[in-house]
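What the coordinates show
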2 protein chains.
Amino acid sequence: MDDKQRRLARTDRHAPSSNDCIAALRSALGADRVLTGTDIPARNMQDACHYPPTRPLALLLPRSTTEVSEALRLCCAHGQPVAVQGGLTGMAGGAHPEAGEIALSLEKMVGIEEIDPLSGTLTALAGTPLATIQEAAKEAGLLCGIDLGARGSCSIGGNVATNAGGNQVVRYGMTRKNVLGLEAVLADGTIVRSLNKMIKNNAGYDWTQLFIGSEGTLGIVTRVVLGLHPQPGKVSTALVAVDAFADCIALLRFIDRALPGRILVFEAMWADFMAVAMERIGLAPPFTRTYGIILLIEVMVADDALEQVLAETYERGIARDALVAQSGGDQKKFWKFRESIYEYGRFFPHLIGFDIAIPLDRMEEAVAAMRKELTTRFPHRVVVFFGHVADSNLHIVVAAKNSDDSDKDEIERAIYNMTQAFGGSVSAEHGIGRSKRPYLALSRDVNELDLMRRLKAALDPAGILNPGRIL
Amino acid sequence: MDDKQRRLARTDRHAPSSNDCIAALRSALGADRVLTGTDIPARNMQDACHYPPTRPLALLLPRSTTEVSEALRLCCAHGQPVAVQGGLTGMAGGAHPEAGEIALSLEKMVGIEEIDPLSGTLTALAGTPLATIQEAAKEAGLLCGIDLGARGSCSIGGNVATNAGGNQVVRYGMTRKNVLGLEAVLADGTIVRSLNKMIKNNAGYDWTQLFIGSEGTLGIVTRVVLGLHPQPGKVSTALVAVDAFADCIALLRFIDRALPGRILVFEAMWADFMAVAMERIGLAPPFTRTYGIILLIEVMVADDALEQVLAETYERGIARDALVAQSGGDQKKFWKFRESIYEYGRFFPHLIGFDIAIPLDRMEEAVAAMRKELTTRFPHRVVVFFGHVADSNLHIVVAAKNSDDSDKDEIERAIYNMTQAFGGSVSAEHGIGRSKRPYLALSRDVNELDLMRRLKAALDPAGILNPGRIL
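On to the overall build of chain A. Of the regular secondary structure elements, chain A holds 13 helices and 18 strands. The C-alpha atoms of chain A give 23 Å as radius of gyration, which agrees with the globular expectation for 471 residues (23 Å, within 12%). Overall size of chain A, expressed as C-alpha extent along the three principal axes, is 70 × 55 × 40 Å. Counted over contacts in chain A with a minimum sequence separation of 6, partners at least 24 positions apart contribute 73%. On chain A, roughly 17,300 Å² of surface is accessible, and the fraction owed to carbon and sulfur atoms is 51%. Distance between charge centres in chain A, computed from 50 positive and 55 negative side chains, equals 2 Å.

Residue and element names in this part refer to chain A. Pairing within the open sheet is antiparallel, and its seven strands lie in the order E15-E12-E14-E13-E17-E18-E16. A strand with exactly one partner marks an edge of an open sheet, and here the two such strands are strand E15 (321–324) and strand E16 (350–357). In this sheet, neighbouring strand axes are inclined to one another by 15° on average, regardless of whether the strands run parallel or antiparallel. When E16 meets strand E18 (residues 393–400), the two strands line up antiparallel, connected through eight bridges.

This next bit is on the relation of the copies chain A and chain B. When chain A is brought onto chain B, the operation consists of a screw motion whose angular component is 180° and whose axial shift is 0.0 Å, with 0.0 Å RMSD remaining. Those values place the two copies in the arrangement expected of a two-fold rotation axis. The fraction of interface residues of chain A whose copies in chain B are also interface residues reaches 100%, indicating that both copies meet through the same surface.

Next up on the list: the sheet that holds strand E6 (residues 121–125) of chain B. All names here are of chain B. Pairing within the open sheet is antiparallel, and its five strands lie in the order E5-E6-E10-E8-E9. Looking along the sheet, the strands with just one partner apiece sit at the ends: strand E5 (112–116) and strand E9 (191–194). For this sheet the average axis-to-axis angle between neighbouring strands, irrespective of direction, equals 10°.

What follows is about the confidence of the model for chain A. All names here are of chain A. Per-residue confidence for chain A averages 95 on the pLDDT scale, and 97% of its residues sit at or above 70. A low-confidence stretch, residues 1–14 (pLDDT under 50), is modelled with eight contacts involving residues beyond four sequence positions or located in other chains. With a pTM of 0.95, the predicted complex shows an ipTM of 0.95.

Attention now moves to the pattern of salt bridges. Throughout the structure, instances matching the rule amount to 66 salt bridges over all chains. For B:Arg73, the salt bridge is made with B:Glu70, and the minimal N-O distance between the two is 2.9 Å. One end of the pair, B:Arg73, and the other, B:Glu70, are both in helix H2 (residues 65–77), three residues apart, so they sit about a helical turn from each other. For B:Arg73, a relative accessible area of 42% gives the class partly exposed. Put simply, B:Glu412 and B:Lys408 hold a salt bridge, and the shortest N to O gap is 3.5 Å. Note that B:Glu412 and B:Lys408 are positioned in helix H12 (residues 408–421) at a spacing of four residues, about one turn of the helix. Residue classification places B:Glu412 among the buried residues on the basis of a relative accessible area of 15%. A relative accessible area of 30% means that B:Lys408 is categorised as partly exposed. Among the charged side chains, a salt-bridge network with shared partners connects A:Glu98, A:Glu101, A:Arg434 and A:Arg469.

Turning next to the side chain of B:Asn163. Here B:Asn163 is to be found in the loop between helix H4 (156–162) and helix H5 (169–172). Within the structure, the side chain of B:Asn163 is placed 2.9 Å from the backbone nitrogen of B:Arg176, a separation counted as a polar contact. Setting aside its immediate chain neighbours within four residues, B:Asn163 contacts A:Asn202, B:Met174, B:Thr175, B:Arg176, B:Ile212 and B:Gly213.

Turning our attention to the packing of helix H7 (residues 245–258) of chain B against helix H11 (residues 360–377) of chain B. All names here are of chain B. Axis separation between H7 and H11 bottoms out at 9 Å; the angle between their running directions is 150°. If you check the angle between H7 and H11, you find them roughly antiparallel. Of H11, the residues touching H7 (which contributes Phe245, Ala246, Ile249 and Arg253) are Leu360, Met363 and Glu364. Of the residues that constitute the contact of H7 with H11, the class distribution is five nonpolar, no polar and two charged.

Next up on the list: the pairing of strand E4 (residues 102–105) of chain A. Residue and element names in this part refer to chain A. Residues Ile102 and Leu104 point to one face of E4 and Ala103 and Ser105 to the other, with burial holding for every one of them. The pairing of strand E2 (residues 58–60) with E4 spans three bridges and is parallel. The residue of E4 that forms the bridge with alanine 58 is isoleucine 102. Sheet topology places strand E3 (residues 82–85) next to E4; four bridges connect them, and they run parallel. Bridging from a neighbouring strand, valine 84 pairs with leucine 104 of E4.

Once that is clear, we can look at the interface of chain A and chain B. Taken together, the contact pairs 82 residues of chain A with 82 residues of chain B. Taking both sides of the interface into account, the surface hidden between chain A and chain B amounts to around 6,900 Å²; carbon and sulfur atoms contribute 57%. Summed over the three residues of chain A that lose the most area to chain B, namely A:Lys200, A:Asn202 and A:Tyr205, the buried surface amounts to 16% of that side. Scanning the region where chain A abuts chain B turns up ten salt bridges. B:Asp206 serves as the salt-bridge partner of A:Arg176, at 4.0 Å between the closest nitrogen and oxygen. For the pair chain A and chain B, the number of links is 43 residue pairs in polar contact (both at pLDDT 80 or more). Every element with two or more residues in the side of chain A that touches chain B is listed here: helix H5 (169–172), strand E9 (191–194), helix H6 (208–211), helix H7 (245–258), helix H11 (360–377) and helix H13 (446–459) of chain A.

Before going further, it helps to examine the state of the cysteines. All names here are of chain B. Enumeration over the complete set of coordinates arrives at zero disulfides over all chains. Lacking any disulfide linkage, cysteine 21 is separated from the closest cysteine sulfur, that of cysteine 75, by 4.1 Å. Among the cysteines around cysteine 144, which has no disulfide bond, cysteine 154 carries the closest sulfur, lying 9.6 Å off. For cysteine 144, a relative accessible area of 6% puts it in the buried group.

All names here are of chain A. Its place among the elements puts valine 242 in strand E12 (residues 236–242). Expressed as a C-alpha distance, the spacing of valine 242 and isoleucine 341, which sit 99 residues apart in the sequence, is 21 Å. Discounting residues that sit within four places of it in the chain, valine 242 has contacts with Asp247, Cys248, Tyr291, Gly292, Ile293, Leu295, Ile318, Ala319 and Arg320.

Conventions and cut-offs
- Residues numbered from 1 in each chain as written.
- Chains lettered and ligands numbered in written order.
- Predicted model: local features only at pLDDT ≥ 70, side-chain atom pairs only at ≥ 80, totals over all residues.
- Heavy atoms only, no water.
- Helix = DSSP H or I, 4+ residues; strand = E, 2+ residues; numbered from the N terminus.
- Rg over C-alpha atoms; globule rule 2.2 N^0.38 Å.
- Contact = heavy atoms within 4.5 Å.
- Areas by Shrake-Rupley, 256 points an atom, 1.4 Å probe, with all protein chains shown as cover.
- Lys, Arg positive; Asp, Glu negative; His and termini not counted.
- Charge placed at Lys NZ, Arg CZ, Asp CG, Glu CD.
- Pairing = 2+ DSSP bridges.
- Axes fitted to C-alpha atoms, helices over the stretch in contact; angles between N-to-C directions.
- Least-squares fit on C-alpha atoms with pLDDT ≥ 70 in both.
- pLDDT = per-residue confidence, 0-100.
- Salt bridge = Lys/Arg side-chain N within 4 Å of Asp/Glu carboxyl O.
- Buried < 20%, exposed > 50% of the residue type's maximum accessible area, 1.4 Å probe, protein only.
- Polar contact = N/O pair within 3.5 Å; in protein donor to acceptor, adjacent residues only side chain to side chain.
- Parallel < 35°, antiparallel > 145°, perpendicular 65-115°, else oblique.
- Nonpolar A, V, L, I, M, F, W, Y, C, P; charged D, E, K, R; others polar.
- Buried area = accessible area lost by both parts, 1.4 Å probe.
- Disulfide = S-S within 2.5 Å.

Below, the structure written as structure tokens:
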């Protein structure tokens, strides 16, 4: 029996039970919490991985943790698979519903419940958009350490479920480092709650850590307590040109020693990336000649302090050239390079995006080898390298010049195999979801995978939560 | 059958099997790895909790992860309980062997295997003393973010197993935040390895997080990868007088906003603590009058920068007085106050130490209520309050003026019950071990405890690893 047959068989086996389950859910939660058929909005039929839209058996819209608990209790009793949905901005297909699944969306559980200025914490319901949290923190004179492009639509529950990364990880760490407490509902409906606001709390296992980054497969996050930070004050932005990756790291360490804890953004754009930004997207060249790598950096100091440190790196032969933004206009202009990636859709018929991590001591070598492999084997493709390299995160986009996308699988296999060869991770910040599941074993050994399965079986023995994601 | 009978019954049941197990261990690992009887050094018969010394059935001294794996495989096959030992500096009895247990010490697995200056990481065997790691990081021009009083004798594996805290948590976080990768051996001997050096790695569950702080009950940590930090450069030390706890937090937030990310140490010493330091230990008063709380702070800036910020807090009525160290001698003198606690043994026949956490927004109230309770109900006791309060950690020492220690249990119950009432944690940084197990349910609800038990059962179904610790 192949995978497809197995899935169909499972769907068939569950079909009558699914109808009972939906009836039970309607009766327990009320009809307005349980949408079916054409009442299910198109937006809940896919996430940002853009698999073909799939209508779930039902869409559950719980308004409270108690309703999430009741929903899971009933789904568990009926062996009904559940796809968990946050802001639907995930890139790995984790929230994309499969045929035969019921989707459970946290979108109605929105709200900031507390900002505690003494503890420096914020407590929110899982469906709250990240941008709402950022604004509330700012109004309270504080800063939320999590920030990513999807801030307007992603939800804090989804950020926690995927351990989201983003642009400020070099300063504030991944989502994990910003979470102090969680409330979650297990597959059988059990509510576990540790709405901890204390930095030190060693009372038994910190179970919340296991749920962060588990992509909804171990439980559904319903509430989050975040630790906030002081607002950064003045932030200076610069474009810095260096010759090679070793210089990026030398620059990073130099700034970090001179201005400890002040680096906010440290984004690398290789020459191929800059070439597309200038030649295709049409941005004006920032420097009079080209360099191996251009860095977009933001540092929490005044312009002159950053200028002085960059001058020192120039004298030491680390930086080859540098521009410090003198205005908000400059800053915007500098960011346009990094954001040019969002324009690719207008210029290329197909894009393959990679989110991998490579240990810093292998990065230079890995980029060279991957570039050679891609440009040699797939000459009709445009390849660009960029990333939040301070935290080992490398992004690659492989764009098609024409409408031929038939080599997609081959390209993915090539890059993920090379990622393994360099001791890297097939997912830096996007998670595994459904799309990277075939490649997980390249970054995790047999014993690690077995351990993950043991944990999954312990918390969700019937396997109803986000089946087929990660494992 | 009461607890004691049950333990005896279990010991009896295992006795013949234990002899077989020891024979099998000798044959597999060699006699020099398996000590018994009087060959077992006294130091391995207790940890820093100072329960009466207990001789384990055997002391295992593995030299490699493979030997740890082989040892656990055999113990598991014989249903033989194992007590895991690191540097034996734990305060909660986690490493104290019980009758019928075999002790497994990591003390022979010592060594730094790699310092990667590009990635800013250090990889060490679990038995390596923390001080050795700190020195190696320093020699490489970097800093280890973990620091605690026991640095000379505690081991990095023990730091990870207990998620150790210490003096610099306000800057670098608990041990958890400094760990990038782990290797561990499960109860059945399975070796799981994720010697990750990348800040971003979302390839499946981060199982390492579950092991951090699990006190050897889920697996034995054998290798650790730490993320290092830049060296702090100039550090300034000050004693600051404030009237009340709200002023501590106002001072903390003010400095953190003025000098973001620079606070290294922020220790509070209440008036009762200062009184003992001056009147009994004999330290000279730092200020001409007494204040509600004296703070010992260290900030990573030059003296004049700290002086300027403290002057502003004085003008705003937050700080009532302040002294900035002008020399190494001053710095040492300031620390003498905080370290006066280590002298108590010479002045008081009995001491009861508490390591609890209280949410910052309840701290003032909690300290007042606990002080009132203790001084009213136990007037023959000397009570002092201090702690790393920036991270919610409160220490209390209740000293006996005479040799009567009969009210110890009553005092513990009183403080832990009040900790629960204020929404705090019965363990901030020392863990639960054996000594705080009776109080764990005050800080964790039934569903959390059940979840912990599920995880324990999934990873150690026979319950051989550190039984009776935490759960």
